[in-house]
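Geometric and topological summary
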There are 2 protein chains.
Amino acid sequence: MMKIVIDNVGEYLKSHNIKPSYQRIRIFEYLINTTSHPTVDEIYKVLISEIPTLSKTTVYNTLNLFVENEIAKLLTIEENEARYDANTGIHGHFKCDGCGEVMDFDFDFTKLGVSELDGFQVKQQDVFFRGMCKSCSGKTKN
Amino acid sequence: MMKIVIDNVGEYLKSHNIKPSYQRIRIFEYLINTTSHPTVDEIYKVLISEIPTLSKTTVYNTLNLFVENEIAKLLTIEENEARYDANTGIHGHFKCDGCGEVMDFDFDFTKLGVSELDGFQVKQQDVFFRGMCKSCSGKTKN
DNA sequence: GTATCTGCAAAACATTTGCAATTCT
DNA sequence: AGAATTGCAAATGTTTTGCAGATAC
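Note that the structure is predicted; figures quoted are calculated from it, not measured. (Residues numbered from 1 in each chain as written. Chains lettered and ligands numbered in written order. Predicted model: local features only at pLDDT ≥ 70, side-chain atom pairs only at ≥ 80, totals over all residues. Heavy atoms only, no water.)

**Re the overall build of chain A**
- A tally of helices and strands in chain A yields 4 helices and 5 strands.
- Listing the helices and strands of chain A from first to last along the sequence gives α-α-α-α-β-β-β-β-β.
- Taking the principal axes of the C-alpha coordinates as reference, chain A spans close to 45 × 45 × 30 Å.
- In chain A, which comprises 142 residues, the share counted as buried stands at 44%.
- Long-range pairs, those at least 24 residues apart, make up 52% of the contacts in chain A between residues at least 6 apart in sequence.
- For chain A, the accessible surface area stands at approximately 7600 Å², while carbon and sulfur atoms represent 48% of it.
- Charge separation in chain A, taken as the distance between the mean sites of 16 positive and 20 negative side-chain charges, equals 4 Å. (Helix = DSSP H or I, 4+ residues; strand = E, 2+ residues; numbered from the N terminus. Buried < 20%, exposed > 50% of the residue type's maximum accessible area, 1.4 Å probe, protein only. Contact = heavy atoms within 4.5 Å. Areas by Shrake-Rupley, 256 points an atom, 1.4 Å probe, with all protein chains shown as cover. Lys, Arg positive; Asp, Glu negative; His and termini not counted. Charge placed at Lys NZ, Arg CZ, Asp CG, Glu CD.)

Pasting the structure below:
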């Protein structure tokens, strides 16, 4: 699905009222360059090797800042661990119980036919499915 | 939306391979008699006044048992706090940022038109929207 | 030079685990 | 009595907070 392309991360952060510190730029770059919807711990472990002074607190602070300023979305794919996505456009997530992969998919909410929500202002949509992807179907659990 | 009506909770638990202890019956009864999709803490605080010896561990154990035996669903409405729903049928949740209420709605996944998932076995569907409900729209935040 | 940002250590939560006491049949 | 359940206390893991030092403009 959609890959996010941002030519100048520093300017992008500025345009969203975030001062582009070195840590913030690196964390955001990691977010747009990975498709894995990483956890705080994953981001920290990858970046600590390149930024030896990085602390987990900064990763937490930075991701909270991104979410507040709406350049990242907090995903509730797994309970007990927050995952983040720099793709803030409307899309769903599917997690395969076979291979564990989380993939994005497009959906069109207007087609849902949800009459209960007539007249409601829907501002945020989280759609998360899980099951078996095509290549894992038929295989035994791996 | 749908209210769950179960005439004999003990028998219902038995039919799902759960021994109907007093605590389990009371916790399940609370779950089907409330529409608030309660947290562990809410359940505990309500029931401790009626079952003075109740422990939070038992509430956790019991809810995990319910989820394993598929008579309750774990909701990811709020990150950092698990919420539970005894309605295991497919439906979505809408949380109003105005009044804070969580309401159920029906949706028809087959109408989504998600071609990416063709050939996938979708076993679980979590659909969570948030925004402003009709009566809160137009009001200032309350 | 002053605001802000960073990062350590400690605190605050939610949840799980080990185990002894209790309960049920 | 024997097996399962309960509940306390401690452990675990994630996230937040307080604050001192570092950094940036």
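**Some remarks on the state of the cysteines**
Residue and element names in this part refer to chain A.
- As enumerated under the stated definition, the model contains 0 disulfides over all chains in all.
- Counting only cysteine sulfurs, C96 is the nearest neighbor of C99, a cysteine outside any disulfide, at a range of 3.7 Å.
- On the basis of relative accessibility, which here comes to 39%, the residue C99 falls in the partly exposed class.
- With no disulfide partner, C136 has as its closest neighbouring cysteine sulfur the one in C96, 3.7 Å distant.
- What makes C136 buried here is its relative accessible area of 5%. (Disulfide = S-S within 2.5 Å.)

**Thoughts on the packing of helix α3 (residues 40–48) of chain B against helix α4 (residues 56–68) of chain B**
Residues and elements named next belong to chain B.
- Between α3 and α4, the shortest axis-to-axis distance is 10 Å and the interhelical angle comes to 125°. In terms of axis orientation, α3 runs oblique to α4. In the crossing of α3 with α4, the sense of the turn from one axis to the other is right-handed. Residues V40, D41, I43 and Y44 of α3 touch α4, and the partners they reach there are K56, V59, Y60 and L63.
- Classifying every residue of the contact of α3 with α4 by side-chain character gives 6 nonpolar, no polar and 2 charged. (Axes fitted to C-alpha atoms, helices over the stretch in contact; angles between N-to-C directions. Parallel < 35°, antiparallel > 145°, perpendicular 65-115°, else oblique. Left-handed = near helix turned anticlockwise from the far one by under 90°. Nonpolar A, V, L, I, M, F, W, Y, C, P; charged D, E, K, R; others polar.)

**Section: the relation of the copies chain B and chain A**
- The two copies are related by a screw motion: chain B maps onto chain A through a turn of 179° and a shift of 0.0 Å along the axis, at an RMSD of 0.2 Å. Seen this way, the second copy is the image of the first under a two-fold rotation axis. Relative to the rotation axis, the C-alpha of V127(B) is the closest in chain B, positioned 2.2 Å from it.
- Most of the interface of chain B is mirrored in chain A, where 100% of its interface residues again form contacts. (Least-squares fit on C-alpha atoms with pLDDT ≥ 70 in both.)

**Topic: the protein's contact with DNA strand D**
- DNA strand D sits among 15 residues. The nearest are Y60(A), S21(B), T53(B), S55(B) and T58(B).
- Take the atoms of DNA strand D that sit within 4 Å of the protein: sugar and phosphate atoms are 77% of them.
- At 2.8 Å, a side-chain N or O of Y60(A) approaches a phosphate oxygen of DNA strand D.
- A distance of 2.3 Å separates a phosphate oxygen of DNA strand D from a polar atom in the side chain of S21(B).
- Listed by contribution, the elements that provide at least two residues to the surface near DNA strand D are α4 (56–68) and β2 (81–85) of chain A together with α2 (22–33) and α4 of chain B.
- Considering every element that reaches the surface near DNA strand D, the biggest residue donor is α4(A), with 3 residues.
- Grouping the constituent residues of the surface near DNA strand D by class yields 3 nonpolar, 9 polar and 3 charged. (Near = heavy atom within 4 Å. Polar contact = N/O pair within 3.5 Å; in protein donor to acceptor, adjacent residues only side chain to side chain.)

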